[in-house]
Amino acid sequence: MSISKKRKIIIDILLGTTFFFAIFIGIFLGLGLAATVNLGRLEDLTASSSALPTQIYDVNGRLITEFFSDEKRDLVSLDEVPDHLINAILTREDRDFYEHSGFSLRGLFRAGVHILMGQYSGGASTITQQVAGHRYCDRTEKTLTRKLVELWWALQLEREYTKDEILEFYINEMPLGHGTNGVEAASKFYFGHSVRDITVAESVLLINTYAKPTLYSPILNPDIARARQIEILDQMVSLGYVSRAEADKSFNDYWNNYDYTRINRNPWSERDDRAPWFSWYINKELEDLFQGAVDIYRGGLKVYTTLNLDYQEIADSLLTSQLENVNSKYKENTSNRLEFGDEFFVPVLNLLSLSFNIRDVYVSGGKQKIKAKQFFREDLNPVMDMVGTLFDINTVKQYSAKTYLNAEKAIRKNKVEGALVCIDSKTGYIYSMVGGSSFSSRTNWFNRAVDSKVQPGSSFKPLYYCAAIENEKVTPATLIVDKPVIFWNDDGTPYTPMNYKGKWYGSRLLRYCLAQSLNIPALKVLEKIGFDAAIDEASKLLGVTDLSEIERIFPRKFPLGLGVIEVSPLQMARAYATFANEGKMVEPLGIRYIEDRNGKVILEPEKELRARQKRLENQMKLMSPQTAYIMTSILKSSVDWGTLHAWAHFDRPIAGKTGTTQNWSDAWTIGFTPQLTTAVWIGFDNPGNSLGINFAGGLSAGPVWAKFMARAHKNLPVEEFNMPGGISTMEICSKSGLLPNPDGSCGDDVIQEIFISGTEPREFCDYHKKLNENRDQMLNVIRNTILLEDEPLDEPLSGISEGSDSEDDIIIIPNNPDESNPLLQ
């Protein structure tokens, strides 16, 4: 390249850079001059509008609940706050706070570039900018204009106040999640004590909520909060703010005594709420949307959601009733097992112990021990707690608190829980959501409909069957043999699954295999398409897009095919809704739009979602409409005569699937119509327990699902599943999956089946052809081995009828065992 060309390029770059900064400075000065008319706002930094609750409405405009909060803002001076909290803030938020003039040029430039590229997700603001943005800007607005206005106000704050004063504003005003503002209120909420007594580990957990109050909440997401806490503690050690020994000790002390019982009053416990699980979900959504820019407890918002209170009432009633029923039977079964052990096994063991002096096997009886523990927890421990409190005996109080905590753990371990979520099969509207047995107890706020990670069992099978049909590896008429098989994983380990109750069904068509949820055929389908295709399709259906998360969730081993992964009911509902939506992605939606206290629409999540879906239209297609229709047809068979047939009392087309994990610890039923998709899960929060064989998916979750769908559709018109073009219907033989023989030998085994055009069978039935050949061979063998020589055969042999369709119907014993017999070879 010549020197003149290089010089021209350099000049062009300089001119472009100069032009960019000229525009930048011009906009900045213009905004600054416009903003000077509002400088009087700095004179009243504590002014605020009157507090109004946020109102949550259902899809028909009916009030669900209100979010409100007493004033959870307790002011503290900078001198009252421990140094390690300030150091944690500076480490996490703004290490150059005492050096800069209110902004970071590098951070501002980076934010500007990200905004222009449409990739801005927050961050890059100094402490001063955060205070300015919180006071004077709408921080939900991700635009360059907002960053410049924020910068202007930051400069005004730096001019009017000292660094310590700005930092004091920061620690007293900024939202820190769960309706708290300021470190004092937040410390009391999260840790049960004043910020003056906060530890190093607690300080880091607290300041992490500045960035994303919901994501880093040690209550909502303890694992995520803990991981981020480790990162910041390591940085504080490297910066010399705290020693490694002090950081480790504080960290271990906190997590070794991790307990939510220290949390005091919370506005959630004082609300009238017609859908508490859904409201809890919406609360988290609002915190994610506003990122602390709006006080969702005092801002007077009106949130218009997708919930249908009519459906919600049905869901609450049905799931609560079924959980009471299942828990009662589970306790009864457990008690019966203990009684059997006490009556039969314990006496034998004690006899052996006393006779042979074997102390290790002596037991006093499982049931008696349980009764003793129950007496201690329910009768004695409350007295101990009262005595410890009255006389301030710390040892007694600590032991009593530990007993309560252990009791809560025992209850969670042995209590059967459940969840139900219903969404619109096309729009993704969340119409109803129940996240557990009861929301009244503070220890039971875990929303299992959204946040649980449990195994889907056999309900996972359709998520890769569809990939096999899409890739034309199989059809509904593919013949698969169901018999014991060993599957070998890539690491050389064997996997030998069983069917429900250990029964095998022989050769069956794919439709039957999925409708009856046979395990061996399912794994043969998985083996045929391979792990890559199966995982790719299943992850898209479940809405899992992050590659590292996909690798973590989906093991590349054969147990994957039987649902040995972790999902939530909401994820399974969106996956099944794809079949009802003709193969197009369905994204669950809880909030339609939000108004401020003056009735102005400030956020429209639904409008933004639809715009994004339209922009990414090609990516919304997860499978062809033909594949979706065939999957729907097979899952209709599951309801008509498969694992859900006991509840098939519907006045409309409906499809679904049951699911049960290998040890009966999780029970599922998921199904859909063109209008609604509903997922029901029943099981345990903690793994290890079993519902028992009598509570498989169709027996425990099935009744709830069926009754809910029947009542929810009561006033809805009957809709058929739309059959797209490219689907052919033809007669096949149910024994072979092939074309019926022209001679009519397939008889009553001829059925109708659907195919993606071009995948229909081309050959005639070989099953009945071989059957006829075998019948002729039988006659010849019997003629040669049983009949007397030269005696004519005037009548048909007894035992051979026109209706016999299998060689297994006749047992042949030749006169000469050494003589060759083609049927016995």
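Positions within a chain are numbered from 1, following the residues in the order the chain's sequence is written. The model is predicted, so local features are restricted to residues of pLDDT at least 70 and side-chain atom pairs to those at 80 or more, both for listing and for counting; the totals for chains, interfaces and linings are taken over all residues. Only hydrogens and water are set aside when side-chain values are computed; all heavy atoms of the structure are taken into account.

Student: Which residues make up the overall build of the chain, and what values do they have?
Tutor: By definition, any uninterrupted DSSP run of H or I lasting at least four residues is a helix, any uninterrupted run of E lasting at least two residues is a strand, and each is numbered from the N terminus. Of the regular secondary structure elements, the chain holds 25 helices and 16 strands. In the chain, buried positions account for 49% of the 825 residues. Counting only contacts in the chain whose residues sit at least 6 apart along the sequence, the fraction spanning at least 24 positions is 72%. Exposure was quantified through the Shrake-Rupley algorithm and a 1.4 Å probe, taking into account, for residues, occlusion by the shown protein chains and nothing else. Summing over all exposed atoms, the chain offers an accessible surface of approximately 40800 Å²; the carbon and sulfur share of this is 53%. The rule is simple: take the accessible area with a 1.4 Å probe, protein chains only, and divide by the maximum for that residue type; under 20% is buried, over 50% is exposed, in between is partly exposed. Whether two residues are in contact is decided by their heavy atoms: any pair within 4.5 Å suffices.

Student: Explain the pattern of salt bridges to me, using residue names and the numbers behind them.
Tutor: Any two side chains of opposite charge can pair if their charged atoms end up close together. Take a side-chain nitrogen of Lys or Arg and a carboxyl oxygen of Asp or Glu: if they are within 4 Å of each other, that pair is a salt bridge. One pass over the structure, following the stated rule, counts 25 salt bridges. Here Asp491 makes a salt bridge to Lys557, at a shortest N to O gap of 2.8 Å. Placement of Asp491 in the loop between strand S7 (487–488) and strand S8 (494–495) and of Lys557 in the loop between helix H19 (547–553) and helix H20 (569–580) is noted, with a sequence separation of 66 residues between them. Accessibility expressed as a relative area gives 43% for Asp491, which makes it partly exposed. Residue Asp532 is joined to Arg556 by a salt bridge in which the shortest nitrogen-to-oxygen separation is 2.7 Å. Of this pair, Asp532 sits in helix H18 (residues 531–542) while Arg556 sits in the loop between H19 and H20, placing them 24 residues apart in sequence. Here the salt bridges share partners, and the residues they tie into one network are Glu80, Glu184, Lys188 and Arg196.

Student: Please provide a residue-by-residue account of the environment of Glu287, values included.
Tutor: Positionally, Glu287 belongs in helix H11 (residues 276–290). Along the chain, Glu287 and Pro213 lie 74 residues apart, while their C-alpha atoms are 7.1 Å from each other.

Student: Describe the packing of aromatic side chains, with residues and values.
Tutor: Note on aromatic pairs: the rings of Phe, Tyr and Trp (six-membered ring only in Trp) are paired at centre separations within 6.5 Å, and the planes decide the class, stacked below 30 degrees, edge-to-face beyond 60, tilted for the rest. In the structure shown here, the tally under the stated rule is 26 aromatic pairs. For the ring pair Tyr576 and Phe579, a centre distance of 5.9 Å and an interplane angle of 75 degrees mean the geometry is edge-to-face. Here the residue Tyr576 and the residue Phe579 both occupy positions in helix H20, the gap between them amounting to three residues, near one helical turn. On the accessibility criterion, Tyr576 (0% relative accessible area) is buried. Phe579 gets classed as buried once you look at its relative accessible area, which sits at 2%.

Student: Describe the nonpolar core, listing the residues and the values that go with them.
Tutor: Nonpolar side chains in soluble globular proteins tend to end up buried together. Residues belong to a common nonpolar core when they are buried Ala, Val, Leu, Ile, Met, Phe, Trp, Tyr or Cys residues joined through side-chain atoms within 4.5 Å. Grouped together as the largest cluster of nonpolar side chains are 129 residues, with contacts concentrated most on Leu286, Phe554 and Phe708. In terms of residue count, the dominant contributor to this core is helix H12 (residues 309–356) (nine residues). Those residues within four positions of Leu286 in sequence are excluded, and the remaining contacts are Ile56, Phe67, Gln291, Ile296, Val303, Ile591 and Ile594. The next biggest cluster of nonpolar side chains, apart from the first, holds 47 residues, and it includes Val76, Tyr136, Phe169 and Ala225.

Student: Account for the sheet that holds strand S10 (residues 591–595), naming residues and giving values.
Tutor: The strand order across the open sheet built from five strands is S2-S1-S3-S10-S11, with neighbouring strands paired in mixed fashion. Edge positions in the open sheet fall to strand S2 (63–67) and strand S11 (601–603), since each of these has one partner strand only. Shown here is a sheet whose adjacent strand axes are inclined to one another by a mean of 25 degrees, direction ignored. Angular values range over 0 to 180 degrees, each being the angle between N-to-C directions of two axes fitted as lines to C-alpha atoms, with helices fitted over their stretch in contact. Contacts from H11 reach strand S1 (54–57), S2, strand S3 (302–305), S10 and S11, with the element oriented near 60 degrees to S10. On top of the sheet, helix H21 (residues 605–615) reaches S10 and S11; it is set at about 135 degrees to S10, its chief contact. Note on pairing: DSSP must find at least two bridges between two strands before they are called paired.

Student: Residues and numbers for the side chain of His768, please.
Tutor: As for its position among the elements, His768 is in helix H25 (residues 767–785). Under this definition, polar contacts are N or O atom pairs within 3.5 Å; protein pairs additionally need one hydrogen-donor-capable and one acceptor-capable atom, and for neighbouring residues in sequence, both atoms have to be side-chain atoms. Looking at His768, its side chain comes within polar contact range of the side chain of Asp749, at 2.9 Å. For His768, the contacting residues outside a window of four places in its chain are Cys733, Lys735, Asn741, Ser745, Cys746 and Asp749.

Student: Tell me about H18, residues and numbers included.
Tutor: In this scheme, a helix's expected span is set at 1.5 Å multiplied by one less than its residue total. An ideal rise of 1.5 Å per residue puts 16 Å on twelve residues; H18 measures up with 16 Å between its terminal C-alpha atoms. When we look at burial in H18, the residues that qualify are Phe531, Ala534, Ile535, Glu537, Ala538, Ser539, Leu541 and Leu542. Those residues of H18 hidden inside the fold are in contact with helix H15 (462–470), helix H17 (519–529), H19 and H20. Following H18 by one or two positions, Gly543 has its phi on the positive side, about 80 degrees.

Student: Break down unusual backbone geometry for me, with residues and values.
Tutor: For Ser517, which is not glycine, the phi torsion reads 60 degrees and is therefore positive. Assignment of secondary structure puts Ser517 in the loop between helix H16 (510–515) and H17. In the Ramachandran plot, Glu582 falls in the positive-phi region, its phi being about 60 degrees despite a non-glycine side chain. When you line up the elements, Glu582 lands in the loop between H20 and S10.

Student: A description of the packing of helix H2 (residues 83–93) against helix H9 (residues 222–238) should follow, citing residues and the corresponding values.
Tutor: Running from amino to carboxyl end, H2 crosses H9 at an angle of 100 degrees, the nearest separation of the two axes being 10 Å. By the angle between their axes, H2 is roughly perpendicular relative to H9. Of H9, the residues touching H2 (which contributes His84, Asn87, Ala88, Thr91 and Arg92) are Arg228, Ile232, Gln235 and Met236. Charged means Asp, Glu, Lys or Arg here, nonpolar means Ala, Val, Leu, Ile, Met, Phe, Trp, Tyr, Cys or Pro, and polar covers whatever is left, Gly included. Residue composition of the contact of H2 with H9, grouped by class: three nonpolar, four polar and two charged. An angle below 35 degrees is read as roughly parallel, one above 145 as roughly antiparallel, one from 65 to 115 as roughly perpendicular, and any other as oblique.

Student: Give me the lowdown on the packing of helix H8 (residues 200–208) against H9, citing residues and values where you can.
Tutor: Each pair of packed helices gets described by two things: the angle between the helix axes and the distance between those axes. Packing of H8 against H9 leaves a shortest axis separation of 9 Å and a crossing angle of 115 degrees. Considering the angle they form, H8 stands roughly perpendicular to H9. Handedness of the H8/H9 crossing: right-handed. Contact residues: Val200, Ala201, Val204, Leu205, Ile207 and Asn208 in H8; Ala225, Arg228, Gln229, Ile232, Leu233 and Met236 in H9. Of the residues assigned to the contact of H8 with H9, the class counts are nine nonpolar, two polar and one charged. Each helix crossing is assigned a hand: it is left-handed if the near helix lies turned anticlockwise from the far helix by less than a right angle, otherwise right-handed if that turn is clockwise.

Student: I'd like to hear about the confidence of the model for the chain, residue by residue, with values.
Tutor: pLDDT measures the predictor's confidence residue by residue and takes values from 0 up to 100. When pLDDT is averaged along the chain, the result is 80, and 70% of the positions lie at 70 or above. Scored below 50 in pLDDT, residues 31–48 makes 24 contacts in the model with residues more than four places away or belonging to other chains. Long-range and interchain partners of residues 793–825, a stretch whose pLDDT sits below 50, account for 35 contacts in this model, where long-range means more than four residues apart.

Student: How would you sum up H11? Please name residues and give values.
Tutor: Its 15 residues place the ends of H11 21 Å apart at the C-alpha level, agreeing with the 21 Å of an ideal helix rising 1.5 Å per residue. Within H11, twelve of the 15 residues are buried, leaving the element largely enclosed by the surrounding structure. Along H11, the residues classified as buried are Pro276, Trp277, Phe278, Ser279, Trp280, Tyr281, Ile282, Asn283, Lys284, Leu286, Glu287 and Phe290. Of the surrounding elements, those touching the buried residues of H11 are S1, S2, S3, strand S5 (430–434), S10 and S11. Of the residues one or two after H11, Gln291 is the one with positive phi, at around 50 degrees.

Student: Hey, could you go over the environment of Thr632 for me, with residue numbers and the actual values?
Tutor: Inspection of the secondary structure assignment puts Thr632 in helix H23 (residues 625–640). Along the chain, Thr632 and Thr673 lie 41 residues apart, while their C-alpha atoms are 9.3 Å from each other. Beyond its immediate sequence surroundings of up to four residues, Thr632 is in contact with Phe579, Ala580, Ala655, Phe672 and Phe721. Within the structure, Thr632 has its side chain in polar contact with the backbone oxygen of Ala628 (distance 2.8 Å).

Student: Could you give me a rundown of the side chain of Asn181, with the residues and numbers involved?
Tutor: You can see Asn181 is positioned in the loop between helix H6 (163–173) and helix H7 (183–191). A polar contact of 3.1 Å, which involves the side chain of Asn181, links it to the backbone oxygen of Glu173.

Student: Run through the sheet that holds strand S14 (residues 676–684), naming residues and quoting values.
Tutor: The strand order across the open sheet formed by five strands is S5-S4-S14-S13-S12, and the pairing between neighbours is antiparallel. Both outer strands of the open sheet, S5 and strand S12 (655–660), are each paired with one neighbouring strand and no more. The mean inter-strand angle of the sheet, taken between neighbouring strand axes irrespective of direction, is 5 degrees. Judged from the seven bridges that link them, strand S13 (residues 666–672) and S14 form a sheet pairing that is antiparallel. Bridged to Gly671 within S14 is Thr678. Seen against the sheet, H20 touches strand S4 (416–424), S5, S12, S13 and S14 and runs at an angle of roughly 35 degrees to S4.

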